[in-house]
Every structure is written in C-alpha cells, then in structure tokens.
Amino acid sequence: MYEFAVAPAITNLRRRGAEITEVTPNGLGAELELEPGDRITRVNGRPVRDYLDFRFQTAGETELVVEVRKTTGEDWELQIERAEDEDFGFSFEQIVPRQCANECLFCFCKGNPADARPSLFVRDEDIRLSFLYGNYTTLTSITDDEMARIIEQRLSPQYVSIHATDLDVRAKLLGIEKRRADISGQMSRLLDAGIEIHAQIVLCPKINDGEILRRTIADLAADYPRVTSVAIVPLGLTRYNTDSRLTPVTPEFCRETISEVTKIQKQLRQQLGTTFAFLGDEIYLRAGRPVPRREHYGNYPQIEDGIGMVRSFENEFNQLLHRLERRPLKEAQKIFGTILTGTLFARELRKMIDKLNSRFGTQIHVVPVENRYFGGDVSVAGLLTGGDFVAERDHVRGNFVVIPKHTLKSDEEIMLDGMSLPALQKEFGLPLYPADLNSFSGLLSRLSQ
Ligand code: SF4
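All values derive from a computational prediction rather than experimental measurement.

Participant: Would you take a moment to explain the sheet that holds strand E11 (residues 227-234) for this structure?
Facilitator: Pairing between the strands of a sheet is mediated by backbone hydrogen bonds and can be parallel or antiparallel. Pairing in this open sheet of four strands is parallel, and the strands run E9-E10-E11-E12 from one edge to the other. This sheet does not close on itself; its edge strands, each paired only once, are strand E9 (158-161) and strand E12 (277-279). Neighbouring strand axes in the sheet, compared pairwise and without regard to direction, differ in orientation by 25 degrees on average. Sheet analysis places strand E10 (residues 197-203) next to E11, joined by seven bridges and oriented parallel. Bridging across to E11, Val202 finds its partner in Val233. Where helix H8 (residues 184-192) meets the sheet, its contacts fall on E9, E10 and E11, and the angle it forms with E10 comes to roughly 145 degrees.

Put into structure tokens, the structure is as follows:
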C-alpha cells in the first residue's frame, strides 16, 4: 500500500514515442509521407518520449536518423537532411501529465464537486509542464531520470511549491513523511546546475504563517538569485474541502499578512534589489487594500501564478484609455452592455470601466458574479462556471454580455461545469463575448461600428 502511494504516478498508459497529430501540407513531414497517428520513437538512436525530447534531440541538427512506428504497425527509418532552421511541418500530441504522490491538505482536487470534469481531478506534478507552462511541482517524488533530464535539456526555470522550509510543517501540508518532504538535495542539485527556480508558498493560517513564513522567505532569499522569486498565495477553500485542520483566510488575516510581508519586502529590496517575495493579488483585494505599484513587480516574475495581474491589467487599461483619447470610438454611446466577472475583481474593474464610461459616453455595467459552483471563499473570475453566469441573468443590462475569456478551456469553448459557450449564449439571448484586455479594445471598436 505504502509502496504504491510513493511511486510516481502516471495518468494514462503511455505508448512508445511521441504521436504526430497534424502534418502541414507541402512541409517536410508531408514530403517524408508522415501522417497523423504515426509515432516518432527515436532520433539519432535516442528514445523520444514526448515533443520536448524531439525538440531537444533535433535542435541544431541538420542530418538526422528518425525512427517511426507507422499507424499500420510498420517501422520506418528515415534519413533526413534539412536546413538548420527548417521546420519539420508536423505537430505532436499534448504531454500526458505525470501525477503527484502527495495528499496536500489544501489540494484543489479535494475542493471539486464529485461530478466535476475528470480533468479537474488530475493532480499534475510534472517537471515538463513546470518548464512549459509554469505549473508548480513539489519535487517530492521526482526520479533521478527526471532530475537528469531537467539538467541535460535545460528545462529552466522550474516552479517549485515549497510551502515551508520547516520540514515538519512541509510534511504536514503535503500529507507525506518528513523524509520525503526534504527536497534540499534536489534543490541544491538543480541550483548548482544553473537551473533557475521560482518558489511558491500556499499560505495557510495557523500552519505556515508567522515565524514559519518569515523563516521560509529568509531561507529562500539566501539562495537568491538562483531562487529568483517567491509567490505567496492564500489558501482557497471551496464548500467541498471541509478539512478541520485548515483555517479559512479572512480579510483580517490578509491585512496582517500584508503588514508583516511589506516590512520583509522592504528589507529584501535593500539587500537584493528586488521585492523577491510577492503576495498574491487576492490577498490585497480581500484585505480591501490597493495592489502595489508597477515598480513593486519588476519584470513580473510570477505573472503565470496570477501575481501582479491586477496591476498589469490596470496599467494596460490606462494605456487603452490614452489610445482612445487619441483615436476616439466612432459612436461610443452605442456601446451598451454588461461585463460579468468574479466578485473579487469586479470592484477594481468597475473603477476602470467608470472612467471609460465617463470619458467616452459608453454604457458598460460590471456585474460581480458569485461562485455558486465551488462556493466557499472562491471569488476569482477564472473559476466561474456557466451556471454561475446564468444565475446573474436578471442583472444583465444592454445588448451584449462579456465574460472573462479564461473561464473557457484553452482548446475548447466549454466552461468548468461543462456548459458550452453556445449554450450560455442561448440562456442570455444576447451576443456573448469571451474577452480579455487584449481583445477588449478590438471588441469596443467593433461594437461602436
Ligand atoms: S496540491 Fe498539488 S502536489 Fe498537492 S496533492 Fe494536490 S496536485 Fe498533488
């Protein structure tokens, strides 16, 4: 039982090689008669497990021997000559994430309703996805092969959930033995090999706050600049995660955390020249405090973890206002509609939209949407579902509705509760636009035509 629990888990059965999913007409792949479904198994004699391996093993190579398992079951060996920067003209299947062997107290999987989409229960812990998308791993079940791969293929930066450098506390939070919670050896090996690490702390009141938090930040800062930054994000509880060992985050807790961490940040800026330890936007919003100024975030090292999003959004929104002043919308008064967003961000967004309305005559309303699907203290826009939007139908005004684009799956127009975009649009009986700030200015121009 125990042996099973600590073994690195694999989500799906994995077949040899990496599967080709698309072949560009007239590209090199098409010329070689490769087809969707074929699997590349080796390049120059080295095994290919996924597209990262393929990318690594072909980088800079102009003469290649590529072994392919065709969909028919035949094995081909292709001698390829190509110009150094010539594209292969095919794409690969997505990486199947490896799963963790932890039992974190606060794991988001425990916070899902039982009938949530199966993909919401995937406990991914994959150094490849960490490198590609900034997903956090804990390094508690990383294998020697994976360590060697990070170093050989320079899969840097890596994003590591530390939570606490005190091993008893880390073991408690991850729900594992203290021996496994100790990743000092793995961290040193990666840092010594020049792999950059961004760290994360999920802040749980009464467990890793106070002195534990101060020590964790100080221990990580001792490794700056090899450890580049730390994200401190608050524990989020849905109505389904009722673990009595967890204490919910309150506005008061957020205010205390800001006051304590702001002092530490000031010292770190003097010592290191960077804020280094960044508090999640949610902490400021829940405390009812303004998010820090632009300079606080430097080059936004933790933007993938949502840190600095509000500041970045507001800055870009102000730029949009300047652009509109130089080139006004044709018939701005025609723009009459509603933006639906999470309760936490609605207040900030409303301030910005009010400026737009008063300067240009648009009539856009911002409606905060409560998260009924997850409940608890979930208030971020990205976790809203189709049912949550529908519940606010009576508050919609005007002739269009905008919802946050990131409530949809990245590769499909479907929300977390399985409702599709066309189904939601039908519920509103109005044009429905999923948008982010990048697409918002284009949308305004279109709506004013
Ligand atoms: S929070 Fe992450 S590391 Fe912890 S159990 Fe869940 S998926 Fe695994």
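Anyway, onward from the coordinates.
Participant: Explanation requested: helix H16 (residues 437-447) in the structure shown.
Facilitator: Each full turn of the α-helix corresponds to 3.6 residues, which orients residues three or four apart in the same direction. Of all the residues in H16, the buried ones are Leu437, Phe440, Leu443, Leu444 and Leu447. An end-on view of H16 places all buried positions within 100 degrees of arc, on one side of the element. The outward face of H16, more than 90 degrees from its buried face, is lined by the exposed residues Asn438 and Arg446. Considering only its buried residues, H16 is in contact with helix H12 (309-326), strand E13 (336-342), helix H13 (343-360), strand E14 (363-369), strand E15 (401-404) and strand E16 (432-435).

Participant: Please explain the pattern of salt bridges as it appears in this structure.
Facilitator: Pairs may arise between side chains of opposite charge once their charged atoms sit close together. By the definition in use, this model includes 34 salt bridges. When the shortest N-O distance is used, the salt bridge between Glu211 and Arg214 registers 3.2 Å. A residue pair is termed a helical-turn pair when its members lie 3 or 4 positions apart in one helix, as Glu211 and Arg214 do in helix H9 (residues 210-221) at three residues. Taking relative accessible area as the criterion, Glu211 reaches 46% and is therefore assigned partly exposed. Among the residues examined, Arg214 registers a relative accessible area of 36% and is labelled partly exposed. Here Arg359 ties to Glu325 by a salt bridge, and the two come within 3.0 Å at their closest N and O atoms. Residue Arg359 is located in helix H13, and its partner Glu325 is located in helix H12; the two are separated by 34 residues in the primary sequence. Residue class for Arg359 comes out partly exposed when judged on its relative accessible area of 42%. Judged by its relative accessible area of 41%, Glu325 is partly exposed.

Criteria and cut-off values
Residues numbered from 1 in each chain as written. Predicted model: local features only at pLDDT ≥ 70, side-chain atom pairs only at ≥ 80, totals over all residues. Heavy atoms only, no water. Pairing = 2+ DSSP bridges. Helix = DSSP H or I, 4+ residues; strand = E, 2+ residues; numbered from the N terminus. Axes fitted to C-alpha atoms, helices over the stretch in contact; angles between N-to-C directions. Contact = heavy atoms within 4.5 Å. Buried < 20%, exposed > 50% of the residue type's maximum accessible area, 1.4 Å probe, protein only. Arc of directions from axis to C-beta. Salt bridge = Lys/Arg side-chain N within 4 Å of Asp/Glu carboxyl O.

By themselves these figures say nothing about function.
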